[in-house]
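# Close look at the chain arrangement
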Amino acid sequence: MTTTTVVRVLGDLAHDSTHPRATACDCAPAQVLADRADGTVVRRGKIVAKAHAPGTDGPALTSRLALAATPALAGILLPPLPGPHADGTTPPEPTQTLLEGRPVTLWPHGSPVDPSDPDAAPWEEAAVLLARLHSTRPPLPLPPMRGPAKAALAVARMCAARPDDPATHPVLAAWRRLPAWARDEAPAPAHRAGFLCHGDLHLGQLVRHPAPHGPWLLIDVDDTGLGDAAWDLARPAAWYAAGLLPPDIWLRFLDAYRSAGGPAVRTEGDPWPELDVPARALTVQTAALAFAKSAAEGRSPDEVEQLMIDACARIASLPPELAVERSS
């Protein structure tokens, strides 16, 4: 099925979830919000349809959808919508419709973070949502969160895109310095493994719902599950350590998380004993993806990508206890 066909089908599913097929309307055409290897997302009106990645674990996704729909997570996770059956009827619970083997789910549309207004980025709101998520007792059985698995996939993607490229050696060296659990080769330490985690936190994972002025909510539960809550703080921590996130924004984020009772880091003092390993893993993941994407596009890594690659070189060269560089 071509990309154009996938977009059309997703747009029709989103449209038909609120409009009977026989009803004439003047709805806007389908709008592609994302089209990546890990998912295609299409908006039609107030509904968003997502075709998840090929090979998605169906039962695990079902558990994650049930989590997002449970009242225990109301006000934290955006809840999914019921999906249409093949006969055109709509079941009462969130379901998956298959599109050539790819699960498709439906969601209400929310207003995303405005990339053109970085000063308005909701860092504190994201931190509070994470603290509430991490402090929630898991209301149902869940798979492990997929943070370490995504890091391992990024490294594998880099190696496939740039085989035997000496430029990737610092990234691989930093990867090998990580403990087995952070490379998805072993379970997380037991005392850190039972938290409810988002698994892939960045500002693109927040929307206002109802749009455009409703409260911020977390979206995209594809990687959600049980694990080390510090992983959800690791991307901004890695950006801060690499010099990409200004210290004042990092401290605002961290202070908001702590003030909301987040359990991922100690309540005061140095947070790096908890953040060190996840931040190193996200640094490697980001650098590996930079190499893979730049290779696919036939270019060298750009300035921002190079900063993360350089951070891997520092991680690989420092003693383990100093593997993540602290910014002053």
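So, a few notes on the structure that sits alongside this text. What you see is a predicted model; the values in this text were computed from it and never measured.

### Quick notes on the side chain of threonine 105
Residue position: threonine 105 is located in strand 5 (residues 102–108). Exposure remark for threonine 105: the relative accessible area of 1% places this residue in the buried category.

### With respect to helix 2 (residues 58–69)
Residues spaced three or four apart along an α-helix point in a common direction, a consequence of the helix completing one turn every 3.6 residues. Its twelve residues give helix 2 an end-to-end C-alpha distance of 16 Å, which sits within 8% of 16 Å, the value for a rise of 1.5 Å per residue. The set of residues buried in helix 2 consists of Ala60, Leu61, Arg64, Leu65, Leu67 and Ala68. Within helix 2, the buried residues cover an arc of 155° as seen down the axis, which keeps them to one side. Where helix 2 is buried, its residues meet strand 3 (47–52), strand 5 and strand 7 (195–197). Taking the backbone nitrogen of alanine 60 as reference, a side-chain oxygen 3.1 Å away marks aspartate 57 as the first, capping residue of helix 2.

### Observations regarding unusual backbone geometry
Omega for the bond connecting histidine 209 with proline 210 falls within 30 degrees of zero, at 0°, which places this linkage in the cis form. Across the junction of alanine 211 and proline 212, the peptide omega takes the value 0°, indicating a cis bond. Checked against the element boundaries, proline 212 lands in the loop between strand 8 (206–208) and strand 9 (216–218). For aspartate 164, which is not glycine, the phi dihedral falls at a positive 60°. Relative to the helices and strands, aspartate 164 resides in the loop between helix 4 (147–161) and helix 5 (169–176). Classification of aspartate 164 by relative accessible area gives exposed; the value is 75%. A positive phi angle, close to 65°, is found at aspartate 184, a residue other than glycine.

### Some details on the pairing of strand 2 (residues 39–44)
Successive side chains on a regular strand alternate, one facing one side of the sheet and the next facing the other. A large share of strand 2 lies buried, amounting to five of its six residues. Inspection of the sheet shows strand 1 (residues 31–36) paired to strand 2 by five bridges, in the antiparallel sense. Across the sheet, residue aspartate 35 finds its bridge partner in strand 2, namely threonine 40. Between the end of strand 1 and the start of strand 2, which pair antiparallel, lie two residues. By the bridge criterion, six bridges tie strand 2 to strand 3 in an arrangement that is antiparallel. Across the sheet, residue arginine 44 finds its bridge partner in strand 3, namely isoleucine 47. What sits between the antiparallel neighbours strand 2 and strand 3 is a turn of two residues, in which glycine 45 has the positive phi angle 70°.

### Some details on the environment of alanine 188
Here alanine 188 shows up in the loop between helix 5 and strand 7. Residue alanine 188 is classed as partly exposed on the basis of its relative accessible area, which comes to 23%. Residues alanine 188 and glycine 227 lie 39 residues apart in sequence; the distance between their C-alpha atoms is 6.8 Å. Contact partners of alanine 188, with chain neighbours within four places excluded, come to Trp181 and Ala193.

### Things to note about the pattern of salt bridges
Under the criterion given, the structure shown has 16 salt bridges. A salt bridge links aspartate 223 to arginine 146, with the nearest nitrogen and oxygen atoms 2.5 Å apart. Residue aspartate 223 is located in the loop between strand 9 and strand 10 (225–227), and its partner arginine 146 is located in the loop between helix 3 (123–135) and helix 4; the two are separated by 77 residues in the primary sequence. Classification of aspartate 223 by relative accessible area gives buried; the value is 3%. The network of salt bridges with shared partners includes Arg146, Lys150, Asp200, Asp223 and Arg235.

### Concerning the sheet that holds strand 6 (residues 111–112)
Strand-to-strand pairing in sheets goes through backbone hydrogen bonds, with the strands running parallel or antiparallel. Across the sheet, three strands lie side by side as 6-8-9; this open sheet has antiparallel pairing. Of all strands in the sheet, those with a lone pairing partner are strand 6 and strand 9, marking the two edges. Here helix 3 sits on the sheet and contacts strand 8 and strand 9; the angle it forms with strand 9, its principal contact strand, is near 50°.

### Details of the nonpolar core
Judged by nonpolar contacts, the single largest core of 80 residues is most densely connected at Leu218 and Tyr257. No other element matches the ten residues that helix 8 (residues 272–296) contributes to this core. Val7, Val9, Val42 and Ala49 belong to the second-largest nonpolar core, a separate cluster that totals 13 residues.

### A few points about the packing of aromatic side chains
Any aromatic ring pair is given by two values, namely how distant the centres are and how the planes are angled relative to each other. Taken as a whole and judged by the stated rule, the model has six aromatic pairs. Site record: aromatic cluster; members linked through ring pairs are Trp123, Tyr240, Trp250, Phe253 and Trp272.

### Structural notes on the packing of helix 5 against helix 8
Across the interface, helix 5 lies against helix 8 with an axial gap of 10 Å and an inter-helix angle of 150°. If you check the angle between helix 5 and helix 8, you find them roughly antiparallel. As helix 5 packs across helix 8, the resulting crossing turns out to be left-handed. Of the residues in helix 8, those in contact with Val171, Ala174 and Trp175 of helix 5 are Val284, Ala287, Ala288 and Phe291.

Thresholds applied
- Residues numbered from 1 in each chain as written.
- Predicted model: local features only at pLDDT ≥ 70, side-chain atom pairs only at ≥ 80, totals over all residues.
- Heavy atoms only, no water.
- Helix = DSSP H or I, 4+ residues; strand = E, 2+ residues; numbered from the N terminus.
- Buried < 20%, exposed > 50% of the residue type's maximum accessible area, 1.4 Å probe, protein only.
- Expected span 1.5 Å × (residues − 1).
- Arc of directions from axis to C-beta.
- Contact = heavy atoms within 4.5 Å.
- Polar contact = N/O pair within 3.5 Å; in protein donor to acceptor, adjacent residues only side chain to side chain.
- Pairing = 2+ DSSP bridges.
- Salt bridge = Lys/Arg side-chain N within 4 Å of Asp/Glu carboxyl O.
- Axes fitted to C-alpha atoms, helices over the stretch in contact; angles between N-to-C directions.
- Core = buried A, V, L, I, M, F, W, Y, C linked by side-chain atoms within 4.5 Å.
- Phe/Tyr/Trp six-rings, centres within 6.5 Å; stacked < 30°, edge-to-face > 60°.
- Parallel < 35°, antiparallel > 145°, perpendicular 65-115°, else oblique.
- Left-handed = near helix turned anticlockwise from the far one by under 90°.

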